[in-house]
Each structure stands twice: as C-alpha cells, then as structure tokens.
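Structural features, examined
Okay, here's what each chain looks like letter by letter:
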Amino acid sequence: QDITPVGLAISTDGLHLYVAGSTNDKVYQYDLSVAFDLGTAAYVTGNDLSVGAQDTGPGDVAISADGLHLYVVGATNDKVYAYTLSTAWDLSTATYDGAADDLSVGAQDTSPAGLSLSSDGLHLYVVGIANIKVYQYDLSVAWDLGTAVYNAGNDLDVSGQDTVPHGVAIAPGCAAVLGTTGAHKCFNTRVSCQVTGNYLAEAKTYRFCEPVAGVSR
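Residues numbered from 1 in each chain as written. Predicted model: local features only at pLDDT ≥ 70, side-chain atom pairs only at ≥ 80, totals over all residues. Heavy atoms only, no water.

It is worth spelling out the overall build of the protein chain at this point. The secondary structure content of the protein chain amounts to zero helices and 20 strands. Out of the 217 residues in the protein chain, the part that is buried amounts to 44%. For the protein chain, the exposed area adds up to about 9,800 Å²; of that, 54% sits on carbon and sulfur atoms. (Helix = DSSP H or I, 4+ residues; strand = E, 2+ residues; numbered from the N terminus. Buried < 20%, exposed > 50% of the residue type's maximum accessible area, 1.4 Å probe, protein only. Areas by Shrake-Rupley, 256 points an atom, 1.4 Å probe, with all protein chains shown as cover.)

Quick look at the packing of aromatic side chains now. The full count for this structure, using the stated rule, is four aromatic pairs. Arranged with centres 5.6 Å apart and planes meeting at 50°, the rings of tyrosine 30 and tyrosine 43 form a pair that is tilted. With tyrosine 30 in strand E3 (residues 26–32) and tyrosine 43 in strand E4 (residues 41–43), this pair connects stretches of sequence that are 13 residues apart. Taking the relative accessible area as the measure of exposure, tyrosine 43 reaches 28% and is therefore partly exposed. (Phe/Tyr/Trp six-rings, centres within 6.5 Å; stacked < 30°, edge-to-face > 60°.)

Our next topic: the pairing of strand E11 (residues 112–117). Counting buried positions along E11 yields six of six residues, so the element is predominantly enclosed. Pairing of E11 with strand E12 (residues 123–128), which is carried by five bridges, proceeds in the antiparallel orientation. Residue pairing in the sheet places leucine 117 in a bridge with leucine 124 of E12. With antiparallel pairing between neighbouring strands as the criterion, E11 and E12 make up a hairpin whose turn holds five residues, including glycine 121 at a positive phi of roughly 75°. (Pairing = 2+ DSSP bridges.)

Turning our eyes to something else, we now look at the environment of alanine 130. In this structure, alanine 130 sits in the loop between E12 and strand E13 (133–139). Each residue touching alanine 130, except ones within four places of it in the same chain, is listed here: Asp109, Thr110 and Ser111. (Contact = heavy atoms within 4.5 Å.)

Let's shift gears to the side chain of aspartate 109. Residue position: aspartate 109 is located in the loop between strand E10 (103–104) and E11. Buried within the structure, aspartate 109 lacks any salt-bridge partner; lysine 133 is the closest side chain of opposite charge, at an N-O distance of 8.1 Å. Within polar-contact distance, the side chain of aspartate 109 engages the backbone nitrogen of alanine 130 at 3.1 Å. If we skip the residues at most four places from it in the chain, aspartate 109 touches Asp78, Gly128, Ile129, Ala130, Asn131, Ile132 and Tyr135. (Lys, Arg positive; Asp, Glu negative; His and termini not counted. Salt bridge = Lys/Arg side-chain N within 4 Å of Asp/Glu carboxyl O. Polar contact = N/O pair within 3.5 Å; in protein donor to acceptor, adjacent residues only side chain to side chain.)

This part covers the nonpolar core. One finds Tyr71, Val80, Leu103, Leu115, Leu124, Tyr137 and Leu145 to be the most contacted residues of the largest nonpolar core, which totals 17 residues. Going through the elements one at a time, strand E7 (69–74), strand E8 (79–85), E11, E12 and E13 are the ones with two or more residues in this core. Ranked by residue count, the leading element in this core is E13, at three residues. In this structure, leucine 145 is in contact with Tyr71, Val80, Tyr81, Ala82, Asp101, Leu103, Leu124 and Leu139, ignoring residues within four places of it in sequence. (Core = buried A, V, L, I, M, F, W, Y, C linked by side-chain atoms within 4.5 Å.)

From the geometry alone we can't say anything about function, so treat these as descriptive.
Structural data, given as structure tokens:
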C-alpha cells in the first residue's frame, strides 16, 4: 500500500486499523478478525482515503471513539484536517469536512508530526519536531475541529527525552510521546504512570513510561 507509513490509529474495539502513508498521501484501512491481534489483519481493498488534495505531507492519523470522525495532521501546510465517516469505521464513507474546519498549527510548530484526541473529543494534542513540544487544543464541541482553540501556556517540552518526537498518545491519567532518537523510544509525561507493568521485556522498551527503578532495560 505505501512504502512510507507515518502514522496509525486503531478502533476502540480493536477490529479496525488505519495507517497513513506519505508516499501516496493516503490513509489505508485494515480489518482484524480477532480484536487487537495484528496477525489477523487484512487490507480492505477500495477503502483508501486520499488526503493529497489537503496535504502532500501527511503525518499521523487519529479516529474518534465512535468511528465517525477521522483526523490527519499534515506537515506541508502545518494543519490538522477533519473527515466525517457516514458509516462508523468504514473509511470508504469518509468525506473531507472542508477548509473552514482545518486547524492551523503552524504558529506553534512548522513540523507537526503526530496527533491524538481525548476519549471525549474535547482535547487535541499535536507533537511538533521543529520546537520539540506537544501542544494542546481545546474543542468547545466534541470532535468538531472547527471549534478547536490553542491552549497557550500548556505546551509540553519533550526535548529532554527526545529531539525528534513523532507521535503522541493520550489516555485517562496518562500521556505518552513516541521519539526516534532518545534512548527510551516511548516515554511518559506523568510519574504516576511509571509502573513496572508497562515494561515490555521482549522489546526492552516501556509501553508508556520512562525506565522504572529496579527494572533492567
């Protein structure tokens, strides 16, 4: 499908996976016959979503908890774009919401790379490579990108952990940033989430945390 995959999202039930690729400027859909089991994933032919008309440098992709809204961050125009799916989780039914709903993030970072939304659709987070920070945007209407406003003063500087952050994730009580140059590929932004249960021995990485004292890497 694409030789330069740059972002992914998965449905809340674990049955649908979406991958953004920058070679063809598309988002691809894969369906899993067993929830969260990647070995059962199959490419859904004909469901590709072309985003090149909006941005020729797509980065990450995110999808709403109900599967009706999809978001793509683009580094060419430094914007986040919204798409509405008329059938939940079915990418073939996605249509672009229009330029009026685009969220410009260039004033914060000229190299946006990753994005994530809160489970209630009221908060959006973008990680940027230019300034090595995570930025927060608050939506007054859940999942409606046109209502997003930059939350000045809430920037999170992650340069102490990684100088080329590429992804961000948010969960109740926890947030994680994916980096490419730091010693720890995935690090947590809250000490409360630094528990040994997040250590993946087979990968020698921490799922959502910085190293935990007493646990070898």
